[in-house]
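Geometric and topological summary
Here are the chains, one letter per residue:
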Amino acid sequence: MANFDDTLQRARLAFASGKTRNVSFRRKQLENLLRCYEEHENEIISALEADLRRPKQESLIVETEFMKNDIKHILFHLNDWVKADRPEKSFVNMLDDVQVYNDPFGVVLVIGAWNYPLQLLLVPVAAAIAAGNCVVLKPSEIAGNCAKFIAETIPKYLDNDCYPVVCGGPSETAELLKQRFDYIFYTGSTRVGKIIHAAANNYLTPTTLELGGKSPCYIDKSVELRTAVKRILWGKLINCGQTCIAPDYVLCSKEVQDKFVEEARDVLKEWYGESIQSSPDLSRIINQNNFQRLLGLMKSGRVALGGKYDVSEKFIEPTILVDVKPDDPIMEEEIFGPILPIYTVENAYDAIKFINARENPLVLYIFTTETDVLDLFVNGTQSGGMCVNDTIMHYAVDTIPFGGVGMSGMGSYHGKFGFDTFTHKKSCLGKNLAAIGEKMASARYPPYSDRKASLLSFLLRKRRPLPNLYLSHVLAVGLGVGLTVLANYYLQVRKGKLLSR
Ligand code: NAD
């Protein structure tokens, strides 16, 4: 059984040495990681092809380019992000220094999942490095070729004491979780998320859980269906449906369903030709376990499109199921494959009722041009995020947080939200020691009296905050007026003296 004592000890000593607090050091590590992605792009694409038969275009867009842009975004903004925040001050703190420092947590653990084996590990790792932490990287063992790449190549670019890579499956991870971490960031299933959360509880370790679930997709009749079908099918079929934010199932009227199936038939032919299995543009299912699980799910409802498979290649044809029932297995567990069930509803109210009777989704997809319909979903449902009239693309917007709520996860990341996730916001009040401040605040000291109490309540009374900017303006104007008065007085005195000579 693996022993992680030494690895953790080295990481703790490295953190205690203070080197990750140095922002230039962090920048250097991030630049090295960026260089790693650039220098090994082909190897990364090959590893993804070996694990998932992932097409090169998808690997570029959702892994290497995504990871490069993520680091560039951090490097552009890091100097601003690390600065202490100076929030608004209340009247009572007018003379004081009120700050929020951005402190790293310490040694953090990042556990990745197999479906996007590089970016799901390395994007949070980059955020943790940016925030000044030491990071233990744990890739998913299920995407074996990518795990090997990470274990062999990343250490050539990053400081080995600060950023060790550890490998292994559930038993090694269970052993690793016995160690004390200062933060745990986990991506994977809700089932394992609960195990991670329970382990973190031992040391009250704060945790981000990026989990899964069923992300619904509502389509109303107002949208141009061809575009909607393309956007939904693309979101469903990249990585062969093995995407946490893939639209899991469609909710629409019977009328929209029939048109959807016809459009989908056409679109699939346009994308993959007559023989989908021969197309190089569709990934394969990661392993036989998941393949067999998906075959089981295909027994729900009626196949309206697709339905073929080939066990030797772990190939499943893009498949649309209709006439599914709410308690069919396909409507109860996360699908994570190229199968799209359609459940018919009368209208948006019905759809909302259906969604709200289930666990909170990671993302809610709405296809509509009607603002009223959209408002019903915005105000009437809970989900990690929403994406309107498209799928997946919200994931790439680095100025909005990505994460789940309820059973789809807790916490978020991407861009500044990632930096903040790995940052402890350390507050600090720096009191002014001037005599006037001490005099005003001395009413807090015993012996207490009614007069002191009313003075204190006057000083502490909530007032509209004085923005720092205005305070400095007021002081500058005051100083200017004061100096002018003094100068005039001096001139008058001199003039008087001269006249009297
Ligand atoms: P996985 O099997 O790769 O597991 C994830 C990690 O957990 C791995 O590193 C693995 O070693 C570890 N692990 C597995 N079993 C464990 C155990 N018993 N104890 C401790 N560690 C253990 O991935 P998965 O769980 O099959 O991933 C698929 C799920 O992840 C789906 O539900 C998907 O929706 C979700 N997911 C969520 C996101 C997101 O960003 N929210 C992204 C990708 C995947």
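Numbers given for residues are sequential positions, taken from 1 along each chain in its written order. With the structure being a predicted model, the display of local features is reserved for residues of pLDDT at least 70 and the display and counting of side-chain atom pairs for 80 or more, all residues being used for whole-chain, interface and lining totals. For the side-chain quantities, the full set of heavy atoms in the structure was used; hydrogens and water were omitted.

Time to look at helix α2 (residues 23-39). The way it works is that DSSP assigns letters per residue, a run of H or I at least four long becomes a helix, a run of E at least two long becomes a strand, and they are numbered from the N terminus. Given a helix with a known number of residues, its expected span is that number minus one, times 1.5 Å. Its 17 residues give α2 an end-to-end C-alpha distance of 24 Å, which sits within 8% of 24 Å, the value for a rise of 1.5 Å per residue. A simple rule labels every residue: compare its accessible area, found with a 1.4 Å probe on the protein chains alone, to the largest value its type can have, and call it buried under 20%, exposed over 50%, or partly exposed in between. Within the sequence span of α2, burial applies to F25, R26, Q29, L30, N32, L33, L34, C36 and Y37. It only takes one pair of heavy atoms within 4.5 Å for two residues to be counted as in contact. As for α2, its buried residues are in contact with α3 (41-52), α4 (56-82), α5 (119-130), α6 (144-153) and α15 (416-421). Polar contacts, as used here, are pairs of N or O atoms within 3.5 Å; protein pairs need one atom able to donate a hydrogen and one able to accept it. Residues neighboring in sequence count only if both atoms are side-chain atoms. Capping the start of α2, N22 holds a side-chain oxygen 2.8 Å from the backbone nitrogen of S24, two or three residues further along.

This part covers the site of the ligand. Among the 28 residues in the neighbourhood of the ligand, the closest are listed as G112, S140, E141, L211 and E334. At 2.9 Å from an oxygen atom of the ligand is found a side-chain nitrogen or oxygen belonging to K138. Only the protein chains shown count as cover for residues, with accessible areas throughout obtained via the Shrake-Rupley method and a probe of 1.4 Å. In isolation the ligand offers 840 Å² of accessible surface; the protein chains occlude 91% of this area. Counting only elements with at least two residues in the shell around the ligand, the list comes to α7 (170-176), β4 (183-187) and α8 (190-201). Throughout this document, a residue counts as near a molecule or strand when at least one of its heavy atoms sits within 4 Å of that molecule or strand.

On to the pairing of strand β2 (residues 107-111), then. Of all five residues making up β2, five are buried, and the element is well covered by its neighbours. Both faces of β2 are covered, namely the face carrying V107, L109 and I111 and the face carrying V108 and V110. For two strands to be treated as a pair, DSSP must find no fewer than two bridges joining them. Of the pairings in the sheet, the one linking β2 to strand β3 (residues 134-138) comprises five bridges and is parallel in character. The residue of β3 that forms the bridge with V107 is C134. The handedness of a crossover follows from its direction of travel: if, with the strands pointing away from the viewer, the path from the first strand over the helix to the second runs clockwise, the crossover is right-handed. Read as a crossover between parallel neighbours, the route from β2 over α5 to β3 is right-handed. Examined bridge by bridge, β2 and β4 share four bridges and lie parallel to one another. Its bridge partner being in β4, I111 is matched across the sheet by Y186.

Take the sheet that holds strand β5 (residues 207-210) next. On the basis of which strands lie adjacent, the open sheet formed by five strands has the order β3-β2-β4-β5-β15 and mixed pairing. The outermost strands of the open sheet, each flanked by one partner alone, are β3 and β15 (409-410). Axis definition: a line fitted to C-alpha atoms, over the contacting stretch in the case of helices. Angles run 0 to 180 degrees between N-to-C directions. Contacts between α8 and the sheet are confined to β2, β4, β5 and β15, with β5 contributing the most and set at about 175° to the helix.

A few words on the UniProt feature "domain: Aldehyde dehydrogenase" (unreviewed entry) in the chain. UniProt positions are given in the numbering used here, feature names are shortened, and annotations may be inferred rather than shown by experiment. Mapped onto this numbering, the UniProt entry gives "domain: Aldehyde dehydrogenase" (unreviewed entry) at residues 3-427. Between the end C-alpha atoms of residues 3-427 there is a gap of 37 Å, over a span that is 43% helix and 16% strand.

A cavity here means a set of 1 Å grid points, computed over protein atoms only, where a 1.4 Å probe fits but cannot escape. A pocket is an open set with protein on both sides within 12 Å along at least 5 of 7 lines, and lining residues have an atom within 4 Å of a point. Grid points are joined across faces, edges and corners, and a volume is the space filled by probe spheres set on the points. Taken as a whole, the second largest pocket spans an internal volume of roughly 460 Å³. If you trace the second largest pocket, you find 16 residues lining it, with V92, D96, K431, G437 and A441 closest to the centre. Put simply, the parts of the chain that give the lining of the second largest pocket at least two residues each are α16 (435-441) and α17 (450-460). Amino acids are sorted into nonpolar (Ala, Val, Leu, Ile, Met, Phe, Trp, Tyr, Cys and Pro), charged (Asp, Glu, Lys and Arg) and polar (every other residue, Gly among them). Among the residues making up the lining of the second largest pocket, the classes are represented as ten nonpolar, two polar and four charged.

So, on to the UniProt feature "active site" (unreviewed entry) in the chain. Under the local residue numbering, the UniProt record ascribes the feature "active site" (unreviewed entry) to E210 and C244. Despite a sequence span of 35 residues, these residues sit close together in the fold, their greatest C-alpha distance being 9.2 Å. Here E210 is to be found in strand β5. Discounting residues that sit within four places of it in the chain, E210 has contacts with F185, Y186, T187, G188, F402, G403, G404, S408, G411, S412 and Y413. A residue is classified by how much of its surface remains accessible, and C244, at 16% relative accessible area, is buried.

Another aspect to go through is the packing of α2 against α4. Interaxial distance between α2 and α4 falls to 9 Å at its minimum, and their mutual angle equals 170°. The pairing of α2 with α4 is recorded here as roughly antiparallel in orientation. Only M67, K68, I71, K72, I74, L75, L78, N79 and V82 of α4 make contact with α2, whose side of the interface consists of V23, R26, R27, L30, E31, L33, L34, Y37 and E38. The residue makeup of the contact of α2 with α4, split by class, is eleven nonpolar, one polar and six charged. Angles are sorted into four bins: roughly parallel if under 35 degrees, roughly antiparallel if over 145, roughly perpendicular if 65 to 115, and oblique for all others.

For the rest of this paragraph, the subject is helix α1 (residues 5-17). Note on helix geometry: an α-helix contains 3.6 residues per turn, so any two residues three or four positions apart are oriented the same way. The end-to-end C-alpha separation of α1 is 18 Å, in line with the 18 Å expected for 13 residues at 1.5 Å each. Listed as buried for α1 are T7, L8, A11, A14 and F15. One side of α1 carries all its buried residues, which in axial view fall inside an arc of 125°. Among the exposed residues of α1, those oriented more than 90 degrees off its buried face are D6, L13, A16 and S17. Buried positions along α1 lie against β1 (97-104), β2, β3 and α7. One or two residues past the end of α1 sits G18, with phi positive at roughly 90°. The arc in question is formed by the directions pointing from the helix axis toward the C-beta atoms.

Before going further, it helps to spend a moment on the pairing of strand β14 (residues 385-388). Pairing of strand β13 (residues 363-367) with β14 involves four bridges; the strand directions are parallel. Paired with V363 across the two strands is G385, which belongs to β14. The parallel pair β13 and β14 is bridged by helix α14 (residues 371-380), and the resulting crossover is right-handed.

Let us look at the nonpolar core. Nonpolar cores were defined as sets of buried Ala, Val, Leu, Ile, Met, Phe, Trp, Tyr and Cys residues, with membership established by side-chain atoms within 4.5 Å. I219, F260 and F377 are the most contacted members of the largest nonpolar core, which has 141 residues in total. Residue contributions to this core peak at ten residues, all from α5. Filtering out sequence-adjacent residues up to four positions away, F377 remains in contact with Y218, A348, A351, I352, I355, L364, I366 and M386.

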